[in-house]
Amino acid sequence: SMKQRGVKPSSLASAIITYTEKSLRDLVRDHSGRGVKYSDPGDNESDERSQQRDLVQSIVSLLPSDKGLFPVNFLCSLLRCAVFLDTSLTCKNELEKRISVVLEHVSVDDLLIPSFTYDGERLLDLDSVRRIISAFVEKEKNVGVFNGGDFNRGVCSVSLQRVAKTVDSYLAEIATYGDLTISKFNAIANLVPKSARKSDDDLYRAIDIFLKAHPNLDEIEREKVCSSMDPLKLSYDARLHASQNKRLPVNIVLHALYYDQLKLRSGVAEQEERAVVVLPEALKTRSQLQADTTLAKENEALR
């Protein structure tokens, strides 16, 4: 009725938000999802739960199509309600699509969407998050191609780089989740193009937490967990930590050490070139001694 009378979409959005927060107070209030209580969705399903489901589906169908009218945490709260109440697939897909458009503004807490089994066990809805991230990356890819193919050349937007950091932080949050398999972990990590990460430090942190939470993995499984990370894109401090990290597979540790050794030799070569120009004999001898000393220390550390 308000739409037919020409009410502005922003006013409609404000009315919908107010109505939702009043009508679904217990479900919407807690953005973390930790306060949501579960009730058996079987034959004894309460009328209240059924009414809440219909209400969420009705609210989603009334959302104005204009972008940017609703706060990100409101959309994520609605999706949390939709998952909890097991609404229609159309309802969930609509919310996921809206969230993917503004994913760069979404926080990690917003993405922690709880789900439940029939016996009341609390799980995390990883599939919704995967679809949201995938839709955002696909949109960025299309924009990149439209603007001249920058995306394919490894040039990513600021928005995509921000989402990459959010995804890595999200992985660190869910890494201790018992039912998180290696394939699901890698599936989410690999949704973001490697070029969107200027540094893999945050991804390394998530991988380290996952390995710590799953201590019974064998060498091949640990290599699979690390396959989404590029050891050469770690900062010096991260490489130093990785070189001493017993949870990592051997090949990752060797990559980190080999990279530092290459940098060391490159630096020594540059010093030697400068030495030839300035003080040929003295500086060359000094550089060689420094290189020999450092290399001896590295060999001892490797042993």
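From a predicted model like this one, the values you see are computed outputs, not experimental measurements. (Residues numbered from 1 in each chain as written. Predicted model: local features only at pLDDT ≥ 70, side-chain atom pairs only at ≥ 80, totals over all residues. Heavy atoms only, no water.)

A.B. asks: How do you make sense of unusual backbone geometry when you look at a structure like this?
C.D. replies: Excluding glycine, residues mostly have negative phi values, and the peptide bonds linking residues are mostly trans. A positive phi angle, close to 55°, is found at Asp86, a residue other than glycine. Structurally, the position occupied by Asp86 is in the loop between helix H4 (72-85) and helix H5 (89-101). (Helix = DSSP H or I, 4+ residues; strand = E, 2+ residues; numbered from the N terminus.)

A.B. asks: Could you clarify how one ought to interpret a nonpolar patch on the surface in this entry?
C.D. replies: Residues Val250, Leu254 and Leu302 make up a contiguous nonpolar surface patch of roughly 280 Å² in combined accessible area. For Leu254, a relative accessible area of 47% puts it in the partly exposed group. (Patch = residues over 30% accessible without salt bridge, like charges linked within 9 Å, V, L, I, M, F, W, Y side chains within 5 Å. Areas by Shrake-Rupley, 256 points an atom, 1.4 Å probe, with all protein chains shown as cover. Salt bridge = Lys/Arg side-chain N within 4 Å of Asp/Glu carboxyl O. Buried < 20%, exposed > 50% of the residue type's maximum accessible area, 1.4 Å probe, protein only.)

A.B. asks: Help me out: how do you make sense of helix H3 (residues 47-62) in this one?
C.D. replies: Working note: α-helix, 3.6 residues per turn, so residues spaced by three or four point in the same direction. Spanning 16 residues, H3 covers 23 Å between terminal C-alpha atoms, matching the ideal 22 Å at 1.5 Å per step. Turning to H3, its buried residues number three or more, namely Arg49, Gln52, Arg53, Val56, Ile59 and Val60. Buried residues of H3, viewed axially, fall in a sector of 130°; they line one side. Of the exposed residues in H3, those oriented more than 90 degrees away from the buried face are Asp47, Gln51 and Ser61. (Expected span 1.5 Å × (residues − 1). Arc of directions from axis to C-beta.)

A.B. asks: I tried to follow the pattern of salt bridges on my own but got confused; where do I start?
C.D. replies: If charged atoms from side chains of opposite charge come close, those side chains can pair. Tallying each qualifying case throughout the model produces 11 salt bridges. The closest approach of N and O atoms between Lys165 and Asp202, which form a salt bridge, is 3.0 Å. Placement of the pair is Lys165 in helix H8 (residues 158-174) and Asp202 in helix H10 (residues 201-213), with a sequence separation of 37 residues. One salt bridge connects Glu219 with Arg222, and the closest N-O pair in it is separated by 2.6 Å. One end of the pair, Glu219, and the other, Arg222, are both in helix H11 (residues 219-226), 3 residues apart, so they sit about a helical turn from each other. Residue classification places Glu219 among the partly exposed positions, given a relative accessible area of 27%. Each of Glu94, Lys97 and Arg98 takes part in salt bridges that share partners, so that together they form one network.

A.B. asks: Teacher, can you tell me more about the nonpolar core here?
C.D. replies: One broad rule of soluble globular proteins: the nonpolar side chains tend to lie buried together. Residues Val56, Ile133, Tyr170, Leu171 and Ile174 are the most contacted members of the largest nonpolar core, which totals 75 residues. Here the element with the most residues in this core is H4; it accounts for 11 residues. Here Ile174 is in contact with Leu112, Leu124, Leu126, Leu180 and Ile188, once residues within four sequence places are set aside. (Core = buried A, V, L, I, M, F, W, Y, C linked by side-chain atoms within 4.5 Å. Contact = heavy atoms within 4.5 Å.)

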